Amino acid sequence: MLDAWQTVWVCVVLSLLVLALDAWLAGRKAGTEKASALAEKRALRQKQLRSGGSVYKGQP
Amino acid sequence: MLKQLASPPRFLKLAAQVNPFLYAIGALLLGFGLWFGLFKAPVDFQQGEVYRAIYVHVPAAWMSMFLYLVACGYGILSWIYRTDVAAVMMRSALPTGAWMTILALITGALWGKPTWGTYWVWDARMTSELLLLFIYLGLMALGQLTRDPSKADRLLAFALLIGVVNIPLIYLSVVFMNTLHQGYSVSMQGSRIHPDIALGMWLSVFGFWLLCAANVLRRAQCLLIQRRSQVV
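It should be emphasised that the depicted structure is a prediction, and the values quoted were computed from it without experimental measurement.

## Looking at the overall build of chain B
Helices and strands together make up the secondary structure of chain B, namely eight helices and two strands. Ordered by position in the sequence, the α and β elements of chain B form the string α-α-α-α-α-α-α-β-β-α. C-alpha extents for chain B along the principal axes are approximately 60 × 35 × 30 Å. Buried residues in chain B amount to 47% of all 232 residues. Accessible area for chain B stands at about 11600 Å²; split by element, carbon and sulfur atoms hold 69% of it. Between the mean site of the 17 positive side-chain charges and the mean site of the 8 negative ones, chain B shows a separation of 12 Å.

This is how it looks when you write it as structure tokens:
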């Protein structure tokens, strides 16, 4: 069995790990979304370049 | 004001600006609270050093209930106004709330062993907190049930409103039921704990609060971007 200070430290380290893990999981998904949005944009740009059109709005 | 915050671009911009500050101030408060609580606050005359688990157990337990109420509040807003921002905030609070419930249960069990001689008993407070974890997990699964986001949001908001009865049950269980868990140390009428212990605890509570808010906002940003990309 853990002694008093060991119990306290396990609780503290566990809490910090859980907070960090939650932040990482929330951010990891955001990172994936950003990456897929960028990939989507890049694919659209390639498609427009191949078709000979401008990739910028308002330009002929 | 509410209308302005319901605008997704405005919300995304505001969340991106606010989030680094929430993380920084939250980490500072929690760090200072833990340092003060672990090294400066006096020893408890009855429990000895092990009472210091209070600096993480109490904030986690309070956040587990508070985040449910936050999700519920956003659920009501999303039901009434049908805005994406309210719906993603409702969904984003659930995983963080579930993590806080797990943390409260584990730290409570670890604290319980040297204090009560057991990791777990089917006590009213602990059982209702475990029930809260199952509610969180069920709600997170419910949110994934249908592909139509607006339908899923309404379903989720409705289920959240039903599950909210568990929150006063957790909170008042130590008053109305004969439990092993101790009663209130802090209430609206004041605090029954040493001011130094209370200071460390409040700093940790605010630190947890800001860090949880930052995590919820971070997840909400992601979900909102995801929704908007699906609509476009």
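## With respect to the overall build of chain A
For chain A, the count of helices and strands is one helix and zero strands. Per-residue burial over chain A gives 22% buried out of 60 residues. Entry remark: accessible area of chain A is about 4500 Å², with carbon and sulfur atoms responsible for 63%.

## Re the environment of Arg192(B)
Residue and element names in this part refer to chain B. Here Arg-192 is to be found in the loop between strand 2 (190-191) and helix 8 (195-231). In the structure, Arg-192 is positioned 30 residues away from Ile-162 in sequence and 34 Å away in space, judged by C-alpha atoms. When neighbours within four sequence positions are excluded, Arg-192 is seen to be in contact with Gly-183, Tyr-184 and Ser-185.

## Concerning the interface of chain B and chain A
Opposite the 29 residues of chain B that make contact, chain A presents 24 residues. Here chain B meets chain A over a buried area of about 2500 Å², counting both sides, of which 79% is carbon and sulfur. Summed over the shared surface of chain B and chain A, the number is one salt bridge. Here Arg219(B) makes a salt bridge to Asp22(A), at a shortest N to O gap of 2.5 Å. A total of 10 residues in the side of chain B that touches chain A trace back to one element, the largest contributor, which is helix 4 (residues 84-116) of chain B.

## Comments concerning the packing of aromatic side chains
Residue and element names in this part refer to chain B. Across all of its chains, the model carries 11 aromatic pairs over all chains by this definition. Between Phe-66 and Trp-209, the ring centres sit 6.4 Å apart and the planes meet at 55 degrees, which makes this aromatic pair tilted. Here Phe-66 is found in helix 3 (residues 54-81), whereas its partner Trp-209 is found in helix 8, with 143 residues between them in sequence. With a relative accessible area of 35%, Phe-66 lands in the partly exposed category. Members of the aromatic cluster, joined through ring pairs, are Phe-32, Trp-35 and Phe-36.

## Describing unusual backbone geometry
If you check the backbone angles, Arg82(B) has positive phi at about 55 degrees while not being a glycine. Turning to its location among the elements, Arg82(B) is positioned in the loop between helix 3 and helix 4.

## Describing the nonpolar core
Tyr55(B), Tyr68(B), Met100(B), Leu160(B) and Phe208(B) are the most contacted members of the largest nonpolar core, which has 64 residues in total. Every element with two or more residues in this core is listed here: helix 1 (4-50) of chain A together with helix 2 (8-40), helix 3, helix 4, helix 5 (124-142), helix 6 (149-163), helix 7 (166-176) and helix 8 of chain B. The leading source of residues in this core is helix 4 of chain B, at 13 residues. Excluding residues within four positions of it along the chain, Phe208(B) makes contact with Ser15(A), Leu19(A), Leu30(B), Tyr55(B), Val56(B), Pro59(B), Ala60(B), Met63(B), Met100(B) and Leu103(B).

## Comments concerning empty space enclosed by the protein
According to the stated counting rule, one finds one cavity of 30 Å³ or more in the structure shown. Of the voids in this model, the largest cavity is the one considered here, and its volume is about 30 Å³. Forming the walls of the largest cavity are Met1(A), Leu2(A), Thr7(A), Leu110(B), Lys113(B), Pro114(B) and Tyr119(B).

## Remarks on helix 2 of chain B
Its 33 residues place the ends of helix 2 of chain B 45 Å apart at the C-alpha level, agreeing with the 48 Å of an ideal helix rising 1.5 Å per residue. Where helix 2 of chain B bends most, at Val18(B), the angle is about 30 degrees, and the proline Pro20(B) comes one to four residues later.

## So, the packing of helix 3 of chain B against helix 5 of chain B
Residues and elements named next belong to chain B. Helix 5 packs onto helix 3 with a crossing angle of 45 degrees between their chain directions and a minimal axis gap of 11 Å. With respect to helix 5, the axis of helix 3 lies oblique. Note on packing geometry: the crossing formed by helix 3 with helix 5 is left-handed. In this structure, helix 3 contributes Ala-61, Ser-64, Met-65, Leu-67 and Tyr-68 to the contact, and helix 5 contributes Glu-129, Leu-132, Ile-135, Tyr-136 and Leu-139. Residues that form the contact of helix 3 with helix 5 fall into these classes: eight nonpolar, one polar and one charged.

Calculation criteria
- Residues numbered from 1 in each chain as written.
- Chains lettered and ligands numbered in written order.
- Predicted model: local features only at pLDDT ≥ 70, side-chain atom pairs only at ≥ 80, totals over all residues.
- Heavy atoms only, no water.
- Helix = DSSP H or I, 4+ residues; strand = E, 2+ residues; numbered from the N terminus.
- Buried < 20%, exposed > 50% of the residue type's maximum accessible area, 1.4 Å probe, protein only.
- Areas by Shrake-Rupley, 256 points an atom, 1.4 Å probe, with all protein chains shown as cover.
- Lys, Arg positive; Asp, Glu negative; His and termini not counted.
- Charge placed at Lys NZ, Arg CZ, Asp CG, Glu CD.
- Contact = heavy atoms within 4.5 Å.
- Buried area = accessible area lost by both parts, 1.4 Å probe.
- Salt bridge = Lys/Arg side-chain N within 4 Å of Asp/Glu carboxyl O.
- Phe/Tyr/Trp six-rings, centres within 6.5 Å; stacked < 30°, edge-to-face > 60°.
- Core = buried A, V, L, I, M, F, W, Y, C linked by side-chain atoms within 4.5 Å.
- 1 Å grid on protein atoms, 1.4 Å probe; cavity = no way out; pocket = protein on both sides within 12 Å on 5 of 7 lines; lining within 4 Å.
- Points joined across faces, edges and corners; volume = space filled by probe spheres on them.
- Expected span 1.5 Å × (residues − 1).
- Bend = angle between axes of the 7 residues up to and from the residue.
- Axes fitted to C-alpha atoms, helices over the stretch in contact; angles between N-to-C directions.
- Parallel < 35°, antiparallel > 145°, perpendicular 65-115°, else oblique.
- Left-handed = near helix turned anticlockwise from the far one by under 90°.
- Nonpolar A, V, L, I, M, F, W, Y, C, P; charged D, E, K, R; others polar.

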